[in-house]
Amino acid sequence: MSRFNKSLDMLNGSLWDKILRYALPLALTGILQQLFNASDVAVVGHFAGEAAMAAVGCNTPIISFLVNLFLGMSLGSNVVISQLTGQKDLEKVSKAVHTSMVISVIGGVTIALIAELLAAPILHLLAVPDEVYPMALSYLRIYIAGLPVIFLYNFEAAIFRSQGKTEKPLIALALTGVLNVGLNVFFVVVLHRKADGVALATVIANAVSALILLVMLLNEKTAIRVEFSKLAIDPVLLKKIMRIGIPSGLQGCVFSLSNMCVQSAINSLGTVVMAASSAAFNIDCFSFYIINSFGQACTTFVGQNYGAGKEDRCKKTLKYSFLLDGAFTIVMCILIVTFGRPLLHIFNDNPGVIDYGMTRLKILVIGHLFSFQVEVFSGYLRGYGRSALPAAITVASVCGIRLFWVFAVFRFLHTFPVLMSVYPISLGVNAIGLLIATTLFMRHRAKSREKDFAAANV
């Protein structure tokens, strides 16, 4: 069996190198995806003008809301399948895979229908300027139409990642990303479309990605193989997936809702600031995907080892994930600040856009020094199936502080740097809360094991 097709052995041997082998393809997947997303902004910024660029940018928190919901829900499948893999219960692994496929389709269609009805009211709530609104609405509605295939892709990717096969989603994305860029140029430059052109390109590319992963799952030789005749929902496994996935999805959603409030405040500062924030966001996201990849690695490794009863390896997973994530985060932050200005020029040459964009980048990289801790601690707790705890802490700290900041502090100190400073402040509080929660949880697990050991030796 080739290394490409072989599942990663998370239960035996060294951990740090396997965490790297898991996380790096996952990070590269996110970076490539962001590169292709950035091509949307770059193409419209150069060929359709600042208004079209702002139309794509002001939809970023809405898109983030929907994507975070999908990622959170699919994380439930990742954890359940990982734990069952650690238990070597291959029959239940197969049932969990097919349950995940069914709920991905049903969930994607349901959320798309609801989102289409809410598209216009949400943009009104975000106070999108009149000159941007028509293009923003067109972009959003086309993107929403593609939610079912985006939902399907995320669940398919989660299935592969539960086995350590992070290369396969990477291959699918690499192939369709090139298609996405080509379609961006075709729709905007050749057909003279604006924001709606890049939205259509994104939907087509995501549909092809989902199809590629489906073909891979149909041809799998392991327990995660998909067979159409087995597509059905197992009620017990569905409950487990939802118990983990819903809090994770809600955490991402509420997190994004707070960012929508921040985006609304950004919109009040004018089109140039909106365009600058959009460009800076696309650059800053590269560091986030690296940070998040080690958090997901921590979740999957802890899930499998917890399922196998190897809790010492769970602790080691936390340690290595923290150290590796911290090192990569620091390097990425240095690179972003060093090369931020020339990178911003890729999106737009307006000096105002460049200056405001650098302001956002310099402030947000400080937040990443806390963000990697948030991701690793959250990932550790989720590996045990405890997703409600990090969700509650994030909602209380990050979301609460950001809402207070927008409606209280920014109202009286109406400047872009003041608004952006809410990111490192809220993430710092979140990191402290999760550190305390993780420490208490580890102590609780240690006491439980001591009691079990004492009872077994009575």
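Definitions and limits used
- Sequence positions are assigned chain by chain, starting from 1 and proceeding in written order.
- Per-residue local features of the predicted model are confined to residues with pLDDT of at least 70, and side-chain atom pairs are confined, for both listing and counting, to 80 or more; whole-chain, interface and lining totals are unaffected and use all residues.
- Side-chain figures throughout are based on the complete set of non-hydrogen atoms in the structure, without hydrogens or water.
- Helix numbering and strand numbering both begin at the N terminus, where a helix is a DSSP run of H or I of at least 4 residues and a strand a DSSP run of E of at least 2.
- The span one expects for a helix is its residue count, reduced by one, times 1.5 Å.
- Residues belong to one nonpolar core when they are buried, are Ala, Val, Leu, Ile, Met, Phe, Trp, Tyr or Cys, and are joined through side-chain atoms within 4.5 Å.
- Each residue is assigned to one of three classes by its accessible area relative to the maximum for its type, calculated with a 1.4 Å probe on protein chains only: buried under 20%, partly exposed between the two thresholds, exposed over 50%.
- In what follows, residue pairs with any heavy atoms lying within 4.5 Å of each other are defined as contacts.
- What counts as a ring pair is set by centres within 6.5 Å for rings of Phe, Tyr and Trp (its six-membered ring), and what kind of pair is set by the plane angle: stacked under 30 degrees, edge-to-face over 60, tilted for all other angles.
- Definition used: whenever NZ (Lys) or CZ (Arg) falls within 6 Å of the ring centre and also within 35 degrees of the ring normal, the charge is taken to sit over that ring.
- Patches were defined on residues exceeding 30% relative accessible area and lacking a salt bridge, with like-charge contacts within 9 Å and nonpolar side-chain contacts (Val, Leu, Ile, Met, Phe, Trp, Tyr) within 5 Å.
- Here the Shrake-Rupley method, with its probe set to 1.4 Å, supplies the accessible areas, and only the displayed protein chains count as covering residues.
- By definition here, a salt bridge exists when the distance from a side-chain nitrogen of Lys or Arg to a carboxyl oxygen of Asp or Glu is within 4 Å.
- For helices, the fitted line uses only the C-alpha atoms of the stretch in contact; every axis is such a line through C-alpha atoms, and the angle between N-to-C directions lies from 0 to 180 degrees.
- Note on terminology: angles under 35 degrees are roughly parallel, angles over 145 are roughly antiparallel, angles of 65 to 115 are roughly perpendicular, and the others are oblique.
- The handedness criterion is simple: a crossing whose near helix is rotated anticlockwise from the far helix by less than a right angle is left-handed, and one whose near helix is rotated clockwise is right-handed.
- Basically, the charged four are Asp, Glu, Lys and Arg, the nonpolar ten are Ala, Val, Leu, Ile, Met, Phe, Trp, Tyr, Cys and Pro, and anything else, Gly included, counts as polar.
- Any two cysteine sulfur atoms lying within 2.5 Å of each other are counted as a disulfide.

Visitor: Looking at this structure, I do not really get helix α7 (residues 167-190). What am I missing?
Guide: Owing to its 3.6 residues per turn, the α-helix brings residues three or four apart onto one side. With 24 residues, α7 should reach 34 Å at 1.5 Å per residue; the first-to-last C-alpha distance of 34 Å fits that figure. After α7 finishes, the residue H192 shows a positive phi value of roughly 60°.

Visitor: Would you mind going over the nonpolar core with me for this structure?
Guide: Here is a general trend for soluble globular proteins: nonpolar side chains tend to be buried in one another's company. One finds L147 and M420 to be the most contacted residues of the largest nonpolar core, which totals 122 residues. With 13 residues, helix α1 (residues 16-47) is the largest single contributor of residues to this core. Non-local contacts of M420, meaning those with residues more than four positions away in its chain, are made with V262, I266, R360, I363 and L364. Listed in part, the 15 residues of the second largest apolar core include V376, A431, L434 and F441.

Visitor: Help me understand the packing of aromatic side chains in this model?
Guide: This structure, assessed with the given rule, holds 13 aromatic pairs. Look at Y380 and Y384: their rings are 5.3 Å apart centre to centre, the planes differ by 70°, and that puts the pair in the edge-to-face class. For Y384, a relative accessible area of 4% puts it in the buried group. What links up through ring pairs into an aromatic cluster is the set Y306, Y380, Y384 and F441. Its end group placed over the ring of Y320, K319 keeps NZ or CZ at 5.0 Å from the ring centre.

Visitor: Would you take a moment to explain a nonpolar patch on the surface for this structure?
Guide: Residues V181, V185, F186, V189, V190 and L191 make up a contiguous nonpolar surface patch of about 430 Å² in total accessible area. Exposure remark for V181: the relative accessible area of 31% places this residue in the partly exposed category.

Visitor: Whenever I open this one, the side chain of T176 confuses me. Can you help?
Guide: Positionally, T176 belongs in helix α7. T176 has contacts with A205, V208, S209 and I212, leaving out every residue within four places of it along the chain.

Visitor: Mind showing me how you'd approach the packing of helix α3 (residues 60-86) against helix α9 (residues 235-267) here?
Guide: Geometry of a packed helix pair, given as the angle between the helix axes and the separation of the axes. Contact geometry for α3 and α9: axes closest at 7 Å, N-to-C directions at 155°. As the angle between them shows, α3 and α9 are arranged roughly antiparallel. Between α3 and α9 lies a crossing whose hand is right-handed. Taken together, the residues of the contact of α3 with α9 break down into 17 nonpolar, 12 polar and one charged.

Visitor: In this structure, what is going on with unusual backbone geometry? I would like to understand it.
Guide: Leaving glycine aside, a negative phi is the common case for residues, and trans is the common case for peptide bonds. The phi dihedral of K88 is positive, around 60°, even though this residue is not glycine. In this fold, K88 is placed in the loop between α3 and α4 (90-125).

Visitor: Hey, could you run me through the state of the cysteines in this one?
Guide: Should the sulfur atoms of two cysteines be covalently bonded, the bond is a disulfide. Under the defined criterion, the tally for this structure stands at zero disulfides. The thiol of C399 is unpaired, and the distance to the nearest cysteine sulfur, on C261, comes to 9.4 Å.

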